[in-house]
Amino acid sequence: MRYSSRLHIDLSIFAENVEKLRKLCPQNEIIFMVKANAYGHGVASIVQFSNNELGIREFGCASVGEAIYLRKKLPMNKFDIYVFSELNLGIENFNLAYLNQRILPVLNCDKDLDFVLGSSDFDKLPICLKFNTGMNRLGFDYQKVDELIKKIKQSGRNSIYHLMTHFSSASLSMVKNKKNIEQRARFAEIKSTFKAAGISVEKTSIANSGALEQGIGHEESHIRPGLMLYGPSSLAPQIQEKSLWNGRLISRLETQIIKTFPVTKGQPIGYGATPAFEKGIIGIISLGYGDGFTNNFQSVYLKHGNSKVRVVGRVNMDMAQILFPEDSTVIEGDLFEVWSDDSDLFQKICHQTKTIPYEIFCQLTSRIPRVYSIK
Ligand SMILES: *Cc1c(COP(=O)(O)O)cnc(C)c1O
């Protein structure tokens, strides 16, 4: 565990983001996506705060294991957990979790649906269905709605608890991109087919962050935001100016400069003896790929106060080298922020590291303590 490197998470900013989202979508209930340890932010603390302080009642995980972990961590809290991809239906321990712990499997294939419809234990389990309307990953084929309805009716059921689909291209324009237009139309069609067949659908949802940032998905009962609530936009750079989202990053990645020394231009630095870009001061930071500060950060420009600084040489397991300008006043023991609540700087980091906010957050390892504060 690190002591001087940490991911600082400001829950007041998080609360502001949730408030902003509720203003944007006043009619919708939120299923807050907290898979992958709440996108690296620490799932138990994030869910506890969301549930107790912000009144969020529904959360989304990827695997049933994540859901059970969360339930164990917060046994007294009242919330529902949807499991979206790794259901493990049919395994006794997991079946018990679904039956007794308000954990809802989002069924996405015939095998799982057949299991639920065919098991008398599950006859009270609310049915959640995810349709493949063009994502082509998981989900029931949108062209087989009639067959599915027949099967559901034959089992004696006449209601669906939650019907959903997921966009493949929500980072692109919702109104111009063909895939998005197609997926929206197909989902509307699925809903009306269920209705026409006399199967009631209690809840529906379609929108992830990218769609919500473009004002899409409000006609459904629920929304399923993930990334946006942690701060960043998930839209592609070319359409980011059209985003309705002005969230702030809730995290700040802080480390410490553990050593400084002057270098001349071309002086070899660390592994690979990489030459310094120019004359300046090297500051060694306590972050490396063992923390999730990967080699994608090599040569990336960052900021320290008002100075532009640059990662020089290879990133090591435990450390990395930052080149400060010659006239910098940086000294050993100084704090160094890789990113802060400044969303623009964060976007630039994603761009330079050729990665996406999702990945930068998720790759932070457990050696980095998550530290929470509230104003
Ligand atoms: C992860 C996920 C979301 C949230 O996506 P963001 O882009 O983070 O908002 C919504 N729905 C499903 C099914 C997901 O898997």
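Please read all numbers here as calculations on a predicted model, not as lab measurements. (Residues numbered from 1 in each chain as written. Predicted model: local features only at pLDDT ≥ 70, side-chain atom pairs only at ≥ 80, totals over all residues. Heavy atoms only, no water.)

## Details of helix H3 (residues 43-52)
Then comes step 1: Counting buried positions over the ten residues of H3 gives seven, a clear majority of the element.
Then comes step 2: All of the buried residues along H3 are Val43, Ala44, Ile46, Val47, Phe49, Ser50 and Asn51. (Buried < 20%, exposed > 50% of the residue type's maximum accessible area, 1.4 Å probe, protein only. Helix = DSSP H or I, 4+ residues; strand = E, 2+ residues; numbered from the N terminus.)

## What about the site of the ligand?
Then comes step 1: Around the ligand, a shell composed of Met33, Lys35, Tyr39, Phe84, His166, Asn208, Ser209, Arg224, Pro225, Gly226, Leu227 and Tyr358 is seen.
Then comes step 2: Interatomic distance of 2.8 Å between a backbone N/O atom of Leu227 and an oxygen atom of the ligand.
Then comes step 3: One of the side-chain nitrogen or oxygen atoms of Tyr358 is found 2.6 Å away from an oxygen atom of the ligand.
Then comes step 4: Summarising the interface, the protein chains cover 92% of the accessible area of the ligand, which totals 390 Å² for the free molecule.
Then comes step 5: A breakdown of the residues in the shell around the ligand according to their chemical character gives six nonpolar, four polar and two charged. (Near = heavy atom within 4 Å. Polar contact = N/O pair within 3.5 Å; in protein donor to acceptor, adjacent residues only side chain to side chain. Areas by Shrake-Rupley, 256 points an atom, 1.4 Å probe, with all protein chains shown as cover. Nonpolar A, V, L, I, M, F, W, Y, C, P; charged D, E, K, R; others polar.)

## So, the packing of aromatic side chains
Note on aromatic pairs: each is described by the distance of the centres and the angle between the planes.
Then comes step 1: In this structure the tally under the stated criterion is 16 aromatic pairs.
Then comes step 2: Considering the side-chain rings of Tyr82 and Phe84, the 6.2 Å spacing of their centres and the 35 degrees angle between planes classify their relative orientation as tilted.
Then comes step 3: Using a relative accessible area of 0% as the deciding quantity, one classes Tyr82 as buried.
Then comes step 4: One aromatic cluster in this structure is built from Phe14, Phe32, Tyr39, Phe49, Phe59, Phe79, Tyr230 and Tyr358.
Then comes step 5: Taking NZ or CZ as reference, Arg310 lies 3.9 Å from the ring centre of Phe277, over its face. (Phe/Tyr/Trp six-rings, centres within 6.5 Å; stacked < 30°, edge-to-face > 60°. Lys NZ or Arg CZ within 6 Å of the ring centre and 35° of its normal.)

## Details of the environment of Arg184
Then comes step 1: By the element assignment, Arg184 lies in helix H8 (residues 178-196).
Then comes step 2: Judged by its relative accessible area of 29%, Arg184 is partly exposed.
Then comes step 3: Along the primary structure Arg184 and Arg22 are separated by 162 residues, whereas in three dimensions their C-alpha atoms are 22 Å apart.
Then comes step 4: Ignoring any residue separated from it by four or fewer positions in sequence, one finds Arg184 in contact with Phe167, Met174, Val175, Ile206 and Ile216. (Contact = heavy atoms within 4.5 Å.)

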